[in-house]
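One letter stands for each residue in the lines below.
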Amino acid sequence: MDDLVNDSAVRPLLSEARLIYAITVPLSTTIILANLVIILGISCNRQLYNTPNYFFLSLLVADLCTGVALPFIPWMGLNRPLSFSSCLLVHIFPNFLFLAFLFNLVIVHYDRYMCIVSPLHYSSFWVHRHFPLALLAVWAPPLLYASLPAFGWNNRAGPGWNGCCAFNDTGTPDVPGNCSTMAAALAAPVGSECCSYRRVFPNAFIYLEVYGLLAPAILSIAGMTGRVLWITRGQIKDICRLHRSVATRGGGQASEREQRLNLRYTRCVAAVSLTFLACWVPYIIYIHVCVAFLLSEETRGNSTTHIVLSCTGIGSMAVVPLVLGLANRQYTDPVRKLLHKLRDRWRRRRRQDSEDIAL
């Protein structure tokens with residue numbers, strides 16, 4: 001009978017683990033490898049040793065750490081029997097990495113925004129004059145905020161935690177639908193502490209992070225991107241107006257360069273819109289759905305929905321720096337040249353082998 005209970009408890013755990021790793025491992029591997037390629041490209045090109053690329057390098061490091069932590073993020077919404085110190089660690093560390101990633105993403109967009117909006121004063125911008133301070137500003141606040149539960153802002157003494165992964169009168173674990181460690185609950189002693197996001201993060205903490213940090217950061221990035229596109233559109237109109245005036249004075253028609261500029265701008269807008277839809281919209285949906293799910297009074301929840309939303313939401317947002325990096329040929333030139341050399345060497349070796357066989 002105990003074997004049947006153990007088997008019925010292990011199966012949901014194995015299915016959840018398979019689902020998490022089936023989604024996160026390929027995505028995490030892709031994010032890590034792509035970040036390493038871009039980091040290598042920046043490191044090998046001395047012409048890229050400047051403040052904007054240092055900020056982008058910091059963003060890539062944060063994105064790399066997010067890719068490493070990605071397989072562990074879905075487990076944050078699932079209950080587990082752990083000591084409270086271990087529970088703090090598995091919740092605080094991924095949260096810190098993600099907040100640092102978001103802060104780095106904001107400073108990269110802000111630096112490029114100031115370069116376009118105020119190009120004459122860009123070199124005297126405070127970020128360039130106090131680069132270490134700016135770099136500290138994108139890493140220290142996320143660490144401090146994410147560590148607040150460790151300094152006492154937690155819900156450890158809150159009601160309703162003892163039944164999370166506890167045992168019922170029959171000796172089997174009375175585990176809710178979102179408790180992932182059923183097998184661990186079987187082996188855990190009676191009365192072991194339940195590790196839940198509700199114990200680590202109070203509702204006020206979650207609300208403040210989502211609507212005080214994440215939402216303003218996303219809105220600022222969207223606002224700066226829209227402003228840059230608006231300025232670019234105005235510059236293109238000015239250039240086209242100059243082309244028309246030159247063509248009119250010369251007695252000819254406007255050149256095809258105007259159409260090329262408009263087509264290039266249209267492609268740029270389409271690329272930005274597609275990136276927003278593919279990378280930001282899943283994360284925004286994940287945030288709002290999970291806030292409603294995580295802050296609900298019910299302890300039960302659909303763990304499969306949470307796993308899929310967290311993997312796709314965080315993973316899609318982690319792709320944003322890769323889109324920015326791979327779109328810049330300067331970042332990928334060293335790797336591209338290395339691949340060309342390897343391909344040419346392989347072709348020469350293959351040609352020599354065929355000649356030797358012919359002889």
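Thresholds applied
Residue numbering note: each chain is counted from 1, following its sequence as written. The predicted origin of the model limits local features to residues at a pLDDT of at least 70 and limits the giving and counting of side-chain atom pairs to 80 or more, whereas totals for whole chains, interfaces and linings rest on all residues. Hydrogens and water are ignored here; the side-chain numbers use all heavy atoms of the structure. Throughout, disulfides are identified as pairs of cysteine sulfur atoms within 2.5 Å of each other. Secondary structure follows DSSP: runs of H or I at least 4 residues long count as helices, runs of E at least 2 residues long count as strands, and numbering of each begins at the N terminus. By salt bridge we mean one thing: a side-chain nitrogen of Lys or Arg within 4 Å of a carboxyl oxygen of Asp or Glu. Axis lines are fitted to C-alpha atoms, over the contacting stretch for helices. Their N-to-C directions set the angle, which ranges from 0 to 180 degrees. Definitions for this section: a left-handed crossing has its near helix turned counterclockwise from the far helix by less than a right angle. A right-handed crossing has that turn clockwise. The contact rule is simple, with two residues in contact once any of their heavy atoms fall within 4.5 Å. All residues other than Ala, Val, Leu, Ile, Met, Phe, Trp, Tyr, Cys, Pro, Asp, Glu, Lys and Arg, Gly among them, are scored as polar; the first ten of these are nonpolar and the last four charged. Using a 1.4 Å probe on the protein chains alone, a residue whose accessible area is under 20% of its type maximum counts as buried, one over 50% counts as exposed, and one in between counts as partly exposed. Positive: Lys, Arg. Negative: Asp, Glu. His and the chain ends are not part of the count. A helix is expected to reach a length of 1.5 Å times the quantity of its residues less one. Nitrogen and oxygen atoms within 3.5 Å of one another constitute a polar contact, given that in protein one can donate a hydrogen and the other can accept it, and given that sequence-neighbouring residues count only through two side-chain atoms. The patches reported here contain residues having more than 30% relative accessible area and no salt bridge. Joining distances are 9 Å for like charges and 5 Å for nonpolar side chains (Val, Leu, Ile, Met, Phe, Trp, Tyr). Note on areas: these come from Shrake-Rupley sampling with a 1.4 Å probe, and a residue is covered only by the protein chains present in the view. Here a Phe, Tyr or Trp ring, Trp counted by its six-membered ring, pairs with any other such ring whose centre lies within 6.5 Å, and the pair is stacked when the planes are under 30 degrees apart, edge-to-face when over 60, and tilted otherwise.

Colleague: Talk me through the state of the cysteines; I want residue IDs and the actual numbers.
Modeller: Under the definition given, this model contains one disulfide. Residue pairing for C87: its cysteine sulfur links by disulfide to C195, the two sulfurs lying 2.2 Å apart. Given an S-S torsion of about 85 degrees, the disulfide between C87 and C195 has right-handed geometry. Here C87, found in helix 3 (residues 84–117), pairs with C195, found in strand 2 (residues 194–195); they are 108 residues apart in sequence, far enough to count as distant.

Colleague: How would you summarise the pattern of salt bridges if you had to cite specific residues and measurements?
Modeller: What the rule picks out here adds up to one salt bridge. Here D333 makes a salt bridge to R336, at a shortest N to O gap of 2.6 Å. Residue D333 and its partner R336 are located together in helix 12 (residues 329–358), separated by three residues, close to a single helical turn.

Colleague: Give me the lowdown on the packing of helix 3 against helix 10 (residues 303–318), citing residues and values where you can.
Modeller: Packing of helix 3 against helix 10 leaves a shortest axis separation of 11 Å and a crossing angle of 40 degrees. Along this stretch, helix 3 crosses helix 10, giving a crossing that reads as left-handed. Each of F98, F101 and L102 in helix 3 lies in contact with helix 10, whose residues at this interface are I314, M317 and A318. Among the residues forming the contact of helix 3 with helix 10, the class breakdown is six nonpolar, no polar and no charged.

Colleague: Account for the side chain of D63, with residues named and values stated.
Modeller: Take D63: it is sitting in helix 2 (residues 51–69). Of the buried charged residues, D63 lacks a salt bridge, with R112 as the closest side chain of opposite charge at 12 Å. Excluding anything up to four places from it in sequence, D63 contacts I31, N35, F101, A318, P321 and L322.

Colleague: Could you give an account of helix 10, with specific residues and numbers?
Modeller: Between its first and last C-alpha atoms helix 10 spans 22 Å; for 16 residues at 1.5 Å apiece the expected length is 22 Å, and the two agree. Most of helix 10 sits out of view: twelve of its 16 residues are buried. Among the residues making up helix 10, those that are buried are S303, H306, I307, L309, S310, C311, G313, I314, G315, S316, M317 and A318.

Colleague: Tell me what's going on with the side chain of S310, and back it up with residues and numbers.
Modeller: Locating S310 in the fold gives a position in helix 10. According to the relative accessible area criterion, S310 is buried, its value standing at 1%. At 3.0 Å, the side chain of S310 forms a polar contact with the backbone oxygen of I307. Beyond its immediate stretch of four places on either side in the chain, S310 contacts P74, Y286 and G315.

Colleague: Give me a nonpolar patch on the surface: which residues, what numbers.
Modeller: A grouping of L338, L339 and L342 is seen on the molecular surface, where their side chains present a nonpolar patch of about 290 Å² in accessible area. Given a relative accessible area of 44%, L338 falls into the partly exposed group.

Colleague: Break down the packing of aromatic side chains for me, citing the residues and quoting the values.
Modeller: In the structure shown here, the tally under the stated rule is 14 aromatic pairs. Centre to centre, the rings of F98 and Y283 are 5.4 Å apart; their planes meet at 40 degrees, and the pair counts as tilted. One end of the pair, F98, is in helix 3; the other, Y283, is in helix 9 (residues 257–294), and 185 residues separate them in sequence. A relative accessible area of 1% places Y283 in the buried class.

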